[in-house]
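Spelled out from the first residue to the last, the chains are:
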Amino acid sequence: MDLKNGALTKQQLVDLLGSSDPQVLKELFARACQLRQEIQGKKIFAYGFVYFTTFCRNDCNFCYYRKSNPIERYRKTSEEILSISQELIDSGVNLIDLTMGEDPVYHEEAFDSVVGIIQTIKDQYDTPVMISPGVVEPETIQRMADAGADWYALYQETHNRQLFKTLRKEQDYDERMNAKLYARNQGMCIEEGLLAGVGETDEDIAESLLVMGQIGARQVRVMSFVPQQGSPMEGCQTPDRLKELKIIALLRILYPHALIPASLDVDGIGGLKERIGAGANLITSIIPPRSGLMGVAQNTMDVDDGGRTVEEAARILGEMGLRMASREEYKAFLWGKEEVQS
Ligand SMILES: C[S@@+](CC[C@H](N)C(=O)[O-])C[C@H]1O[C@@H](n2cnc3c(N)ncnc32)[C@H](O)[C@@H]1O
Ligand SMILES: C[C@H](CCN)[C@@H](N)C(=O)O
Ligand code: SF4
């Protein structure tokens, strides 16, 4: 199979996802890293993660924060959110990802405070913003876009409607998809994502990889499912990481210019090297230690001991002959002449 030609068919994707041939895998990862190198050299981007409310009205079967899970929750104030964001920016992240559970309190206040926070980070801190609020009204998306939010992140998890129904209980597939298409049509960049190891087939994954391109997502991700205490899927197994790594590499080959995260939220900082080695060009889930903030799939792993910091990630990148990008380099990549294809 010719990996140089990025136009892989669905069948070729399925074959590669199922392959355990060491030579094929070696070529796959080498090609993915070569493409990243050709496009951005040694630079790797990094996003700060601010999960500012862990209250949620939904009951996703895979998630620790589902409303039926009797866990301790927090809701940070606007002042806290801004000071944590400032701390992350000072540490060297390229963007702030404002993430929330679908917290009814914010829905009641029509997201006024979130809009204000976006404005401050954009106008006063001069930093790109991603918003991950779950499904929100078109009007709210519009206000967030007007406030300057660059990105709307909303992961379908799977593009198999049957499987979606079992994961995102009582949520509508089309409503979720349409929210991100609306954001894209308003000029926002969108991130699409899939969850690996939740009962999907390689055909399902191949379909997702193709849909991600069709909808024009400029950031595309995969996270391996991590079982959560107290959730219906607590007893399910976490998948072999090789699948996630293959998906990262295939995404890079299909969409050479896309932002593809190496999330620290799956295996902590210990999982960074292999994901970058598979072709990821962005580190996500950087969280300041002792800020009282949590991760999603790994809610505390490596947070308070400073494992999920720019400093630690930069050290590891250095060992790989790579380096952290500056905010200006990120902005140039996103908005500059080097047009990023979808
Ligand atoms: C917690 S949500 C935050 C935004 C918003 N609440 C939403 O659901 O879109 C972000 C993503 O984390 C991922 N996630 C949640 N629980 C996970 C788990 N147990 N293992 C791996 N990824 C998980 C899912 O892909 C989910 O879409
Ligand atoms: C899943 C989160 C992102 C939400 N936009 C975050 N923990 C991450 O891994 O990047
Ligand atoms: S994935 Fe998001 S919407 Fe679903 S329960 Fe978790 S926080 Fe809520």
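Residues numbered from 1 in each chain as written. Chains lettered and ligands numbered in written order. Predicted model: local features only at pLDDT ≥ 70, side-chain atom pairs only at ≥ 80, totals over all residues. Heavy atoms only, no water.

## Some remarks on the UniProt feature "binding site: S-adenosyl-L-methionine" (unreviewed entry) in the protein chain
Okay, step 1: According to UniProt, the "binding site: S-adenosyl-L-methionine" (unreviewed entry) feature falls on Phe62, Glu157, Arg168 and Arg176. Lining the largest cavity, out of the annotated residues just given, are Phe62, Glu157, Arg168 and Arg176.
Okay, step 2: Mapped onto the fold, Arg168 is located in the loop between helix H7 (161-167) and helix H8 (173-185).
Okay, step 3: When sequence neighbours within four positions are dropped, the list of residues in contact with Arg168 reads Cys60, Phe62, Tyr155, Glu157 and Arg176.
Okay, step 4: Relative to the helices and strands, Arg176 is located in helix H8.
Okay, step 5: Apart from the residues within four sequence positions on either side, Arg176 is in contact with Glu102, Val135, Leu154, Tyr155, Gln156, Glu157, Phe164, Arg168 and Gln171.
Okay, step 6: At 2.8 Å, the side chain of Arg176 and the backbone oxygen of Tyr155 are in polar contact. (UniProt positions renumbered as here; feature names shortened; annotations may be inferred. 1 Å grid on protein atoms, 1.4 Å probe; cavity = no way out; pocket = protein on both sides within 12 Å on 5 of 7 lines; lining within 4 Å. Helix = DSSP H or I, 4+ residues; strand = E, 2+ residues; numbered from the N terminus. Contact = heavy atoms within 4.5 Å. Polar contact = N/O pair within 3.5 Å; in protein donor to acceptor, adjacent residues only side chain to side chain.)

## Observations regarding the pattern of salt bridges
Okay, step 1: Applying the stated criterion to the full structure yields 22 salt bridges.
Okay, step 2: Taking the shortest distance from any N to any O, the salt bridge between Arg275 and Glu244 comes out at 2.6 Å. In this pair, Arg275 is assigned in helix H12 (residues 272-276) and Glu244 in helix H10 (residues 241-254), connecting sequence segments 31 residues apart. Note on accessibility: Arg275 and Glu244 belong to one class, buried.
Okay, step 3: Via salt bridges that share partners, Arg241, Glu244, Asp267, Glu274 and Arg275 belong to a single interconnected network. (Salt bridge = Lys/Arg side-chain N within 4 Å of Asp/Glu carboxyl O. Buried < 20%, exposed > 50% of the residue type's maximum accessible area, 1.4 Å probe, protein only.)

## Things to note about the site of ligand 1
Okay, step 1: Every one of the 20 residues lining ligand 1 counts as a neighbour, but Phe62, Glu157, Arg168, Arg176 and Val226 are closest to it.
Okay, step 2: For ligand 1, an oxygen atom lies 2.9 Å from a polar atom in the side chain of Arg176.
Okay, step 3: Val226 places a main-chain nitrogen or oxygen 2.8 Å from a nitrogen atom of ligand 1.
Okay, step 4: Elements with a contribution of two residues or more to the shell around ligand 1: strand E2 (95-100) and strand E6 (219-224).
Okay, step 5: Split into classes, the residues belonging to the shell around ligand 1 amount to eleven nonpolar, six polar and three charged. (Near = heavy atom within 4 Å. Nonpolar A, V, L, I, M, F, W, Y, C, P; charged D, E, K, R; others polar.)

## Topic: unusual backbone geometry
Okay, step 1: One non-glycine residue, Phe111, lies in the positive phi region at around 65°.
Okay, step 2: Its place among the elements puts Phe111 in the loop between helix H4 (104-108) and helix H5 (112-123).

## Overview of empty space enclosed by the protein
Okay, step 1: For the coordinates displayed, the defined rule picks out one cavity of 30 Å³ or more.
Okay, step 2: Roughly 730 Å³ of volume is contained in the largest cavity.
Okay, step 3: Considering the residues around the largest cavity, the lining is formed by 39 residues, among which Phe62, Tyr155, Glu157, Arg168 and Val296 are closest to the centre.
Okay, step 4: Of all the secondary structure elements, the ones that give two or more residues to the lining of the largest cavity are strand E1 (43-53), E2, strand E5 (189-196), E6 and strand E8 (282-286).
Okay, step 5: The class makeup of the residues in the lining of the largest cavity is 20 nonpolar, eleven polar and eight charged. (Points joined across faces, edges and corners; volume = space filled by probe spheres on them.)

## Considerations on the packing of helix H6 (residues 138-147) against H8
Okay, step 1: Put simply, H6 and H8 touch, their axes get as near as 10 Å, and they point 35° apart. Classified by chirality, the crossing of H8 by H6 is right-handed. Where H6 approaches H8, its residues Pro138, Ile141 and Gln142 are matched on the opposing element by Ala179, Tyr182 and Ala183.
Okay, step 2: Tallied by class, the residues present in the contact of H6 with H8 amount to five nonpolar, one polar and no charged. (Axes fitted to C-alpha atoms, helices over the stretch in contact; angles between N-to-C directions. Left-handed = near helix turned anticlockwise from the far one by under 90°.)

## Remarks on the UniProt feature "binding site: [4Fe-4S] cluster" (unreviewed entry) in the protein chain
Okay, step 1: Sites flagged by UniProt as "binding site: [4Fe-4S] cluster" (unreviewed entry) map to Cys56, Cys60 and Cys63. Residues from the annotated list that form part of the lining of the largest cavity: Cys56, Cys60 and Cys63.
Okay, step 2: With respect to the element layout, Cys56 can be found in the loop between E1 and helix H3 (78-91).
Okay, step 3: In contact with Cys56, not counting residues within four places along its chain, are Tyr65, Lys67, Arg73, Gly101, Glu102 and Asp103.
Okay, step 4: Within the fold, Cys63 resides in the loop between E1 and H3.

## Description of helix H2 (residues 22-40)
Okay, step 1: Over its 19 residues, H2 runs 27 Å from end to end, which matches the ideal 27 Å to within 8%, given 1.5 Å per residue.
Okay, step 2: Residues Leu25, Leu28, Phe29, Arg31, Ala32, Cys33, Leu35, Arg36 and Gln40 constitute the buried set of H2.
Okay, step 3: Those residues of H2 that are buried lie in contact with E1, H10, H12 and helix H14 (327-335).
Okay, step 4: N-cap assignment for H2: the residue whose side-chain oxygen lies 2.9 Å from the backbone N of Gln23 is Asp21. (Expected span 1.5 Å × (residues − 1).)

## A short note on the pairing of E6
Okay, step 1: With respect to burial, E6 is a largely interior element, six of its six residues being buried.
Okay, step 2: Burial of the side chains of E6 extends over both faces: Gln219, Arg221 and Met223 are buried on one face and Val220, Val222 and Ser224 on the other.
Okay, step 3: With helix H9 (residues 202-214) bridging E5 and the parallel E6, this β-α-β connection has right-handed handedness. (Right-handed = clockwise from strand over helix to strand, strands pointing away.)

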